[in-house]
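# Structural characterization, general
Residues per chain are reported as follows:
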There are 2 protein chains.
Amino acid sequence: MKGPESRRDILRTAARLFQERGYDATSMQDIASALNFSKAALYHHFESKEEILQQIMGYGMDIFEERVVEAVKAIPDPEQRLRACIALHIGLVLSGHDREITVVLHENRTLPHESGRAINARKKNYVVFLADLISQVQASRGVRTPAVHPQPAAFALLGMINWMYQWYRAEGNLSEADIVRQYTAVFFQGAISK
Amino acid sequence: MKGPESRRDILRTAARLFQERGYDATSMQDIASALNFSKAALYHHFESKEEILQQIMGYGMDIFEERVVEAVKAIPDPEQRLRACIALHIGLVLSGHDREITVVLHENRTLPHESGRAINARKKNYVVFLADLISQVQASRGVRTPAVHPQPAAFALLGMINWMYQWYRAEGNLSEADIVRQYTAVFFQGAISK
């Protein structure tokens with residue numbers, strides 16, 4: 001196994017182990033064993049467990065930026081852009097594939113300073129992008145003094161969506177489309193109205 | 001140090017260490033050292049690290065039920081009850097005191113089966129309570145076919161609030177009162193309107 005494909009496989013396997021057992025409780029030996037690698041072969045690809053975590057997070061942010069941010073940028077109407085953003089972000093959190101993304105969202109305390117800063121800067125960029133988009137939607141509806149400021153609105157939306165992995169089960173009553181429709185409704189009109 | 005006070009101190013210290021370093025990376029020796037206890041003295045109070053985690057979570061749920069659920073039960077109007085619930089839950093997440101609560105919310109994967117089930121049942125009870133309350137508020141406003149069903153609405157609200165510890169800084173621009181007002185607005189009328 002060589003090249004970028006095997007590196008991605010290592011990242012996926014390591015991310016799964018980090019989720020199941022926690023980052024600290026997972027050793028390089030555990031990761032190697034799960035891949036049927038020797039420890040030496042694993043060290044050939046990655047210098048340390050920290051490097052693996054950092055790469056997982058970077059890869060997770062790549063996926064997020066590509067499938068959410070880049071995917072909506074060309075939509076001219078701000079409200080349609082925001083609606084697409086919500087749907088794509090939910091889709092990413094609910095998809096079984098590339099679950100590494102959830103590690104990105106929940107393990108950032110463990111990262112060493114330098115690489116932690118780089119990931120946090122990318123997350124912050126997304127909050128700025130989202131808050132700016134919300135502000136455009138408020139303006140496009142002629143709302144000059146919104147009850148909710150764009151930044152806390154962005155955090156509320158991120159909380160709603162990122163928390164889903166805690167309770168959502170694909171085999172339950174709610175399809176992804178149901179969730180997208182209802183969460184979009186919460187954000188645009190609140191949870192009470194018809 | 002004996003009696004319930006010292007047990008609570010142990011739980012608080014252990015909870016802080018679990019948050020800072022992760023549950024797996026924290027040893028009984030670490031907890032004992034942080035308290036200036038011998039390991040033997042710590043084992044006098046708690047049989048294992050798992051027992052400590054379980055007690056933290058139980059204590060966290062006690063606090064939550066006492067300060068949120070019990071505190072609002074006597075409010076007759078459902079909408080006022082829900083608004084009080086949101087304010088008290090936010091207050092609990094933002095208060096520096098009794099931060100153990102956040103461990104309850106975010107570490108449940110680590111609990112062994114039996115005690116994990118007991119905690120999860122209490123969390124589930126709260127979701128049922130909240131969904132029922134939301135449904136009463138929808139009914140009290142005469143909304144017969146709400147755009148958002150009570151259960152996903154409850155999860156959206158929990159996500160918004162429980163996610164706050166990820167970004168909220170007491171020294172930032174937003175006071176607790178600002179957050180309560182704006183998050184309540186998101187939930188009742190959405191994030192766009194004035």
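Keep in mind the model is a prediction, meaning the values are calculated, not measured.

Conventions adopted
Residues numbered from 1 in each chain as written. Chains lettered and ligands numbered in written order. Predicted model: local features only at pLDDT ≥ 70, side-chain atom pairs only at ≥ 80, totals over all residues. Heavy atoms only, no water. Helix = DSSP H or I, 4+ residues; strand = E, 2+ residues; numbered from the N terminus. Contact = heavy atoms within 4.5 Å. Lys, Arg positive; Asp, Glu negative; His and termini not counted. Charge placed at Lys NZ, Arg CZ, Asp CG, Glu CD. Least-squares fit on C-alpha atoms with pLDDT ≥ 70 in both. Phe/Tyr/Trp six-rings, centres within 6.5 Å; stacked < 30°, edge-to-face > 60°. Buried < 20%, exposed > 50% of the residue type's maximum accessible area, 1.4 Å probe, protein only. Lys NZ or Arg CZ within 6 Å of the ring centre and 35° of its normal. Buried area = accessible area lost by both parts, 1.4 Å probe. Polar contact = N/O pair within 3.5 Å; in protein donor to acceptor, adjacent residues only side chain to side chain. Nonpolar A, V, L, I, M, F, W, Y, C, P; charged D, E, K, R; others polar. Expected span 1.5 Å × (residues − 1). Salt bridge = Lys/Arg side-chain N within 4 Å of Asp/Glu carboxyl O. Bend = angle between axes of the 7 residues up to and from the residue. Core = buried A, V, L, I, M, F, W, Y, C linked by side-chain atoms within 4.5 Å.

Turning to the overall build of chain A, a few remarks are in order. A count of helical and extended segments in chain A gives nine helices and zero strands. Ordered by position from the N terminus, the helices and strands of chain A form the series α-α-α-α-α-α-α-α-α. With the C-alpha coordinates of chain A rotated into their principal frame, the extents come out at 60 × 40 × 30 Å. Within chain A, residue pairs in contact and separated by at least 24 positions form 69% of the contacts whose partners lie at least 6 positions apart. Mean positive and mean negative side-chain charge positions of chain A (23 and 22 charges, respectively) differ by 4 Å.

Once chain A is rotated about the relating axis by 180 degrees and shifted along it by 0.0 Å, it coincides with chain B to within an RMSD of 0.0 Å. Seen this way, the second copy is the image of the first under a two-fold rotation axis. Minimal C-alpha separation from the rotation axis in chain A is found for A:Gly190, amounting to 2.0 Å. Both copies share a contact surface, since 100% of the interface residues of chain A are interface residues in chain B too.

Evaluated as defined, the whole model comprises 14 aromatic pairs over all chains. Ring geometry for A:Trp167 against A:Tyr168: centres 5.9 Å apart, planes inclined by 80 degrees, an arrangement best described as edge-to-face. Given the relative accessible area of 13%, A:Trp167 is considered buried. The class of A:Tyr168 is buried, set by a relative accessible area of 11%. With a centroid separation of 6.5 Å and an interplanar angle of 35 degrees, the aromatic rings of A:Trp167 and A:Tyr183 are classed as tilted. Note that A:Trp167 is positioned in the loop between helix H8 (150-162) and helix H9 (176-189) and A:Tyr183 in helix H9, a separation of 16 residues in sequence. Within the aromatic cluster, the residues linked to one another by ring pairs are A:Phe155, B:Trp167, B:Tyr168 and B:Tyr183. The ring of B:Tyr23 carries the charged tip of B:Lys49 above its face, separated from the ring centre by 4.3 Å. The ring of B:Phe188 has B:Arg83 lying over it, and the distance from NZ or CZ to the ring centre is 4.0 Å.

On the side of chain B, 43 residues touch chain A, which itself brings 43 residues to the contact. Summed over both partners, the interface of chain A with chain B buries about 3,800 Å², with 65% contributed by carbon and sulfur atoms. Our count for the contact surface shared by chain A and chain B stands at 10 residue pairs in polar contact (both at pLDDT 80 or more). Contributions of two or more residues to the side of chain A that touches chain B are made by helix H1 (3-21), helix H6 (100-106), helix H7 (113-140), H8 and H9 of chain A. Here the element with the most residues in the side of chain A that touches chain B is H8(A); it accounts for eight residues. Residues belonging to the side of chain A that touches chain B are distributed by class as follows: 24 nonpolar, 14 polar and five charged.

By relative accessible area, which is 1% here, B:Tyr183 ends up buried. With 54 residues separating them in the primary sequence, B:Tyr183 and B:Phe129 have C-alpha atoms 19 Å apart. Beyond its immediate sequence surroundings of up to four residues, B:Tyr183 is in contact with A:Pro152, A:Phe155, A:Ala156, B:Ile90, B:Met160, B:Ile161, B:Met164 and B:Trp167.

Because an α-helix packs 3.6 residues into every turn, residues spaced three or four apart end up facing the same way. Over its 28 residues, helix H7 (residues 113-140) of chain B extends 40 Å from the first C-alpha to the last, a length consistent with the 40 Å expected when each residue adds 1.5 Å. When H7(B) is considered as a whole, its buried residues turn out to be B:Ser115, B:Gly116, B:Ile119, B:Lys123, B:Tyr126, B:Val127, B:Leu130, B:Ala131, B:Leu133, B:Ile134, B:Val137 and B:Gln138.

Take the pattern of salt bridges next. All names here are of chain A. Under the definition given, this model contains 18 salt bridges over all chains. Put simply, Arg21 and Asp30 hold a salt bridge, and the shortest N to O gap is 3.4 Å. With a shortest N-O distance of 3.0 Å, Arg83 and Glu79 are connected by a salt bridge. Linking Arg83 with Glu79, this pair stays in helix H5 (residues 78-94), spanning four residues, or about one helical turn. Taking relative accessible area as the criterion, Arg83 reaches 30% and is therefore assigned partly exposed.

Taking 1.5 Å per residue, 24 residues should reach 34 Å; helix H4 (residues 49-72) of chain A reaches 34 Å between its end C-alpha atoms and fits that length. At A:Glu65, H4(A) shows its maximal kink, close to 35 degrees.

Grouped together as the largest cluster of nonpolar side chains are 133 residues, with contacts concentrated most on A:Ile52, A:Leu82, A:Phe187, B:Ile52, B:Leu82 and B:Phe187. Sequence-distant contacts of B:Leu82, that is, excluding residues within four places in its chain, are made with B:Leu130, B:Leu133, B:Ile134, B:Val137, B:Leu157, B:Phe187 and B:Phe188.

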